[in-house]
Amino acid sequence: MARKGADIVIETLKEEGVEYIFGHPGGAIMEVYDALYRDGTIKHILTRHEQGAGHMAEGYAKATGKVGVAMSTSGPGATNLVTAIADAYMDSVPVVFITGQVPTHLIGNDAFQEVDIVGITRPITKHNFLVKRIEDLPLIIRQAFYIARTGRPGPVLVDIPKDITQKLSDVKIPSLDEVKSSLPGYKPHTEGNSQQIKRAAKLIMSAKRPVLYVGGGAVQSEAQDELIELAELMNIPVTTTNMGKGAFPELHPLALHMLGMHGTYYANMAVYNCDLLIAVGARFDDRVTGKIEEFAPQASIIHIDIDPASISKNIVVDVPIVGDVKVVLRKLIQEIKREGAKLVFPEERHNWIRQIEKWKKLHPLTYRNSEKVIKPQYVIEEIWKATKGDAIIATGVGQHQMWAAMFYKYSYPRQFINSGGLGTMGFGLPAGIGAKIGRPEKEVFVIDGDGSFMMTMQELITAVQYKVPVKIAIINNGYLGMVRQWQELFYEKRYSEVDLSVQPDFVKLAEACGAIGFRAEKPNQVREIIEEAMKIQDKPVLLDFHVDREENVLPMVPAGKSYREMILEDGKKSVDADTMYLVG
Amino acid sequence: MSELSQANPVKAPMLRETKKGSVRKHIITLLVRNELGVLARIATLIAGKGYNIEGLSVGETHERGLSRMTIEVIGDDVVIDQVVKQLRKLIDTIKVRDLTDTPHIERELALVKIHTATPRARDEVLRIAEIFRGRIVDVSQSTYTVEITGTEDKINAFVELLKPFGIMEMARTGKVALKREMANSEEDV
Ligand SMILES: Cc1ncc(C[n+]2csc(CCOP(=O)(O)OP(=O)(O)O)c2C)c(N)n1
Ligand SMILES: [Mg+2]
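Residues numbered from 1 in each chain as written. Chains lettered and ligands numbered in written order. Predicted model: local features only at pLDDT ≥ 70, side-chain atom pairs only at ≥ 80, totals over all residues. Heavy atoms only, no water.

Caption draft 1: Quick look at the coordination of the magnesium ion (ligand 2). Looking at the metal site, the magnesium ion (ligand 2) is ligated by Asp-450 of chain A (OD), Asn-477 of chain A (OD1) and Tyr-479 of chain A (O), spaced 2.0 to 2.2 Å from it. In primary sequence terms, the donor set of the magnesium ion (ligand 2) follows D-x26-N-x1-Y. (Donors = N, O, S within 2.8 Å, 3.2 Å for Na, K, Ca; no water.)

As structure tokens, then:
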């Protein structure tokens, strides 16, 4: 049956099982909004800025594992999406972005609200399309979803000129098989080479001091059961990156928590001293490795990743395995069991675990609490307790993000949602709203900075409009805290342009939006307002925590430095890791 | 300070070996779908590594909708390896191969317009062109335009010989290359 291109868009989105679109209308996309209205099945969340729509779609995708959808008009609508597109690209988040475009005959004319969004987003999308014929429209949209969610996931943009949405066509919606065969150059690997898996199994059984280093790829492929089984079977401690949080339960005795710049002493120590590093869906980011020459300097490396281009990118790898993490881990466990699952050096392995326990006791993840001022870490701990460790946490970028990573203990994949790769201030609130919409049964806490919050705070009203009961905890230090910390440590306290002490009254701001606001200025108020907030389930609640202004995130490995140069929690000590254990 | 670090003297850290290859010219061949923006995508990816495309040729193949591209780029072996992997990941690339260390045939075509005002100059240029199996494809009162195909070296040598006469303009296609099928097929001439 002949119908408008706009109707084909909606029909195809329904075929893909889309429940929500996050977006903002305008001239070039009006036909699609009209079709959306007439159809009435897909729910639309009208954000107050397109960047918010992009991050909400990301939060939704990160929390559910489904493909998120964000939509905007041409020109400024499309450019407002760009930060979110780059963010999704860096963190491999499956989101389909749909943008309206000026009519085909005006493209290239500097028409009103025209930008070459396909050109602009070429380096920050997994793929993008400009639709040139209405007959291609359903195939392109289905290709976009398929490309976004398979292999290493990522954002895909579909730019649709207005005339294409207005034309009539009776083109059919293609089947998934037709979609696959229309992409001959796209073959996402999933299996893993069995020879390499055999080699990996041997190395794991014969290692004396192995460490599992787990990243976002393990969260994406939901490999928690396999990771626990492998770690327990072979007695291997597990450290997770910022993006890998929740892939391995943090209360597990083998958990080393985060590694890298703001990693724990014991995780960084374990990595520095290990003789086998098993990287699982992680990409050896410079925030993780520090000075690359001194990263796990004695270790052989096994690298399991779905993306062949990630392997051996930053570091030479001994055993590369390209494949889906879950599939490869399952095969690896089978292979180890087939070989008898015996450790070659059981005594050394036992000593290794004991050594790690010693490190954990020597410098546990801790902070000095206070009766007088609210310590930011204390707020996070109280949120963790009040939510029984079960909430989804979304964050902005800065010190509060690191404290949220360190002092909330994560137990399941997709629980910690933050902007790891791009580090986008303003990510937290919209991402948290998207996560809550995708997982309404979970408590969702946005742990935000006073600076980050203000970058996308208009979405508070969106949460009120759609009755999304997110909790927003602002770790209010009156500073661009993370920048201030660097200025304190590396620029002799020259606090250049980081003071945020002039700020809105966040409680009144919440009230002005029709949300609820609470404030805590003393430690004894912290638990109280968190508990109050959790009673409210029909609208967003903002919690304004006035915290110690100059608290620092520690431990810390300064950028580009080696793990040996770690600054510990008392702010002074640096440690010579190579004297610690077995080197030499 | 911890007990352990007090017990042992500080030693020089062990260092992990890092990857560095040699920098040289690579020749990469790609089979691509002839879609909107495919060239821009490839160029963006290479430019994103901070590398300049030294040579580029694109043309259709016998299969509908598929084009063959040959790209020359100077870069570190390790980085180029990364570039090749990333090129393979592009949705519109069907095959990507670094031919640099693989036996392959490569050819380039050049058009060279030479200043030939005197009869002597004409004779000389004609002779040199013949030696190089070039053809005169355009003549005016004061110029010859020569078409020549061959390897990069051959064309460079040809151009060097003509320089004294005065080259007015030239255009080179950039290389086209295909992998050799038989190890003992005849050498490039
Ligand atoms: C969009 C954007 N601009 C600038 C930065 C650089 N930056 C990183 S952290 C930070 C300070 C964040 O302040 P706030 O949100 O208050 O968090 P805090 O560190 O105080 O917890 C800045 C400016 C960034 N990451 N993102
Ligand atoms: Mg702040």
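Caption draft 2: Region of interest: the site of ligand 1. Residue and element names in this part refer to chain A. For ligand 1, the set of nearby residues contains 17 residues, the closest of which are Gln-399, Asp-450, Ser-452, Gly-481 and Met-482. In the model, an oxygen atom of ligand 1 is placed 2.9 Å from a nitrogen or oxygen of the His-400 side chain. Within the complex, 76% of the 580 Å² of free accessible area of ligand 1 lies under protein. Secondary-structure elements contributing two or more residues to the shell around ligand 1 are helix H17 (399-407), helix H19 (450-455) and helix H21 (481-490). When residues of the shell around ligand 1 are assigned to their parent elements, the largest contribution, 4 residues, is made by H19. Here the residues of the shell around ligand 1 are counted per class, giving 7 nonpolar, 9 polar and 1 charged. (Near = heavy atom within 4 Å. Polar contact = N/O pair within 3.5 Å; in protein donor to acceptor, adjacent residues only side chain to side chain. Areas by Shrake-Rupley, 256 points an atom, 1.4 Å probe, with all protein chains shown as cover. Helix = DSSP H or I, 4+ residues; strand = E, 2+ residues; numbered from the N terminus. Nonpolar A, V, L, I, M, F, W, Y, C, P; charged D, E, K, R; others polar.)

Caption draft 3: Expanded view of the domain arrangement of chain B. All names here are of chain B. Taken domain by domain, chain B comprises domain 1 (23-102) and domain 2 (105-177). Centre-to-centre, using C-alpha coordinates, domain 1 lies 29 Å away from domain 2. At the interface, 8 residues of domain 1 touch 7 residues of domain 2. The three residues of domain 1 that bury the most area against domain 2 are Ile-27, Ser-57 and Glu-72, which together make up 52% of that side's buried surface. The partner of Glu-72 in a salt bridge is Lys-175, with the nearest N and O atoms 3.3 Å apart. Counting across the interface, domain 1 meets domain 2 through 3 residue pairs in polar contact (both at pLDDT 80 or more). In terms of residue count, the dominant contributor to the side of domain 1 that touches domain 2 is strand E1 (residues 23-33) (3 residues). Broken down by class, the residue content of the side of domain 1 that touches domain 2 amounts to 3 nonpolar, 3 polar and 2 charged. (Domains from an automatic or database assignment. Contact = heavy atoms within 4.5 Å. Buried area = accessible area lost by both parts, 1.4 Å probe. Salt bridge = Lys/Arg side-chain N within 4 Å of Asp/Glu carboxyl O.)

Caption draft 4: Region of the structure containing helix H1 (residues 5-15) of chain A. Residues and elements named next belong to chain A. Taken across its 11 residues, H1 has 8 buried, putting it largely inside the fold. Those residues of H1 lying buried are Gly-5, Ala-6, Asp-7, Ile-8, Val-9, Ile-10, Thr-12 and Leu-13. Positive backbone phi, approximately 80°, marks Gly-17, located one or two places after H1. (Buried < 20%, exposed > 50% of the residue type's maximum accessible area, 1.4 Å probe, protein only.)

Caption draft 5: Representation of the packing of aromatic side chains. Residue and element names in this part refer to chain A. Counted according to the given criterion, the structure contains 16 aromatic pairs over all chains. Measuring from centroid to centroid gives 6.0 Å for Trp-352 and Trp-359, while their planes differ by 90°, and the two rings are edge-to-face. Trp-359 shares its class with Trp-352; the two are buried. With a centroid separation of 5.4 Å and 90° between ring planes, the pair formed by Tyr-367 and Phe-407 is classed as edge-to-face. One end of the pair, Tyr-367, is in the loop between helix H15 (346-362) and helix H16 (376-386); the other, Phe-407, is in helix H17, and 40 residues separate them in sequence. We note that Tyr-367, like Phe-407, is buried. Among the aromatic residues, those joined into a ring-pair cluster are Tyr-213, Phe-284, Phe-295 and Tyr-563. It is Lys-208 that lies over the ring of Phe-345; its NZ or CZ is 4.7 Å from the centre. (Phe/Tyr/Trp six-rings, centres within 6.5 Å; stacked < 30°, edge-to-face > 60°. Lys NZ or Arg CZ within 6 Å of the ring centre and 35° of its normal.)

Caption draft 6: Summary view of the domain arrangement of chain A. Residue and element names in this part refer to chain A. Domain assignment breaks chain A into domain 1 (3-181), domain 2 (194-362) and domain 3 (376-546). One C-alpha centre belongs to domain 1, the other to domain 2; they are set 38 Å apart. Listed by partner, the interface residues are 7 residues for domain 1 and 6 residues for domain 2. Buried surface at the junction of domain 1 and domain 2, summed over both partners, amounts to about 560 Å²; 48% is from carbon and sulfur atoms. At the surface where domain 1 touches domain 2, the tally comes to 1 salt bridge. Its residues placed into classes, the side of domain 1 that touches domain 2 shows 2 nonpolar, 2 polar and 3 charged.

Caption draft 7: Representation of the environment of Gly-100 of chain A within the structure. Residues and elements named next belong to chain A. Relative to the elements of secondary structure, Gly-100 occurs in strand E5 (residues 95-101). Overall, the relative accessible area of 2% leaves Gly-100 in the buried class. For Gly-100 and Asp-159, which are 59 residues apart along the polypeptide, the C-alpha to C-alpha distance reads 5.9 Å. For Gly-100, the contacting residues outside a window of four places in its chain are Ala-28, Ile-29, Ser-72, Thr-73, Ser-74, Asp-159 and Ile-160.

Caption draft 8: Region of the structure containing helix H14 (residues 325-338) of chain A. Residue and element names in this part refer to chain A. Along its 14 residues, H14 runs 20 Å from first to last C-alpha, staying within 8% of the 20 Å computed at 1.5 Å per residue. Within H14, burial applies to Val-325, Val-328, Leu-329, Leu-332, Ile-333, Glu-335 and Ile-336. The buried residues of H14 occupy an angular sector of 160° when the element is viewed end-on, so they sit on one face. Away from its buried face, by an angle of more than 90 degrees, H14 presents the exposed residues Gln-334 and Arg-338. Next to the buried residues of H14 lie helix H9 (194-206), helix H10 (216-220), helix H11 (224-234), strand E12 (276-280), strand E13 (300-305) and strand E14 (319-322). (Expected span 1.5 Å × (residues − 1). Arc of directions from axis to C-beta.)

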